[in-house]
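Summary of structural features
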Amino acid sequence: MPKGYWVARVTVHDADRYKDYVAAATPAYQEYGATFLVRGGEIGASEGEPRPRNVVIEFPTYEAALACYNSPTYAKARAIRQEISDGEIVVVAGHEG
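The text that follows walks through the structure, step by step, so that each part is easy to find. (Residues numbered from 1 in each chain as written. Predicted model: local features only at pLDDT ≥ 70, side-chain atom pairs only at ≥ 80, totals over all residues. Heavy atoms only, no water.)

1. Here's the deal with the sheet that holds strand 4 (residues 85-93)
Reading across the sheet, the four strands line up as 2-3-1-4 and stay open at both edges, with antiparallel pairing between neighbours. The open sheet terminates on both sides in strands that have one partner only, identified here as strand 2 (35-39) and strand 4. Averaged over all pairs of adjacent strands, the angle between their axes in this sheet comes to 15°, without regard to strand direction. Strands strand 1 (4-12), strand 3 (53-59) and strand 4 of the sheet are contacted by helix 2 (residues 62-70), whose axis makes an angle of about 150° with strand 4. Contacts from helix 3 (residues 72-84) reach strand 1 and strand 4 within the one sheet, and its direction differs from that of strand 4 by about 140°. (Pairing = 2+ DSSP bridges. Helix = DSSP H or I, 4+ residues; strand = E, 2+ residues; numbered from the N terminus. Axes fitted to C-alpha atoms, helices over the stretch in contact; angles between N-to-C directions. Contact = heavy atoms within 4.5 Å.)

2. Quick look at empty space enclosed by the protein
In the structure shown here, the tally under the stated rule is one cavity of 30 Å³ or more. Looking at the largest cavity, its volume works out to about 120 Å³. What lines the largest cavity is a set of 14 residues, among which Tyr18, Tyr21, Tyr29, Phe36 and Val55 lie closest to the centre. Contributions of two or more residues to the lining of the largest cavity are made by strand 1, helix 1 (15-31), strand 2 and strand 3. (1 Å grid on protein atoms, 1.4 Å probe; cavity = no way out; pocket = protein on both sides within 12 Å on 5 of 7 lines; lining within 4 Å. Points joined across faces, edges and corners; volume = space filled by probe spheres on them.)

3. Points about the pattern of salt bridges
All chains considered together, the criterion is met by six salt bridges. Ionic pairing is found between Glu58 and Lys3, a salt bridge with its closest N-O pair at 3.4 Å. With a gap of 55 residues between them, Glu58 in strand 3 and Lys3 in the segment before strand 1 connect regions that are remote in the sequence. The salt bridge partner of Glu88 is Arg9, with a shortest N-O separation of 2.8 Å. Residue Glu88 is located in strand 4, and its partner Arg9 is located in strand 1; the two are separated by 79 residues in the primary sequence. Connected through salt bridges with shared partners, the residues Arg9, Arg51 and Glu88 form a single ionic network. (Salt bridge = Lys/Arg side-chain N within 4 Å of Asp/Glu carboxyl O.)

4. What about the packing of helix 2 against helix 3?
The packing of two helices is summarised by the inter-axis angle and the distance between the axes. Where helix 2 meets helix 3, the closest approach of the two axes is 6 Å, and the angle between their N-to-C directions is 60°. Facing Cys68, Tyr69 and Asn70 of helix 2, the residues of helix 3 in contact are Pro72, Tyr74, Arg78 and Arg81. Per-class residue counts for the contact of helix 2 with helix 3 are four nonpolar, one polar and two charged. (Nonpolar A, V, L, I, M, F, W, Y, C, P; charged D, E, K, R; others polar.)

Spelled out as structure tokens, the structure:
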């Protein structure tokens, strides 16, 4: 069963409220076994329009990654994030090669 990943590219418009998002999202991440592989950090060459905040979160399974995103707990956090930032999040299955 492949691991699951969230790949997020975000532009935050209110850094203080982003802390509220992180606090609200943390219980969902803990419940679904999330591990942060990339959390912000320096960015280099890219194609297309870069965003200042890039995050990759690993989950034990693709199903866990989807369940976390669709959970009631994360829905509360997502509402905060959508108010104070622009960006994209995709949920992808890992490669088992």
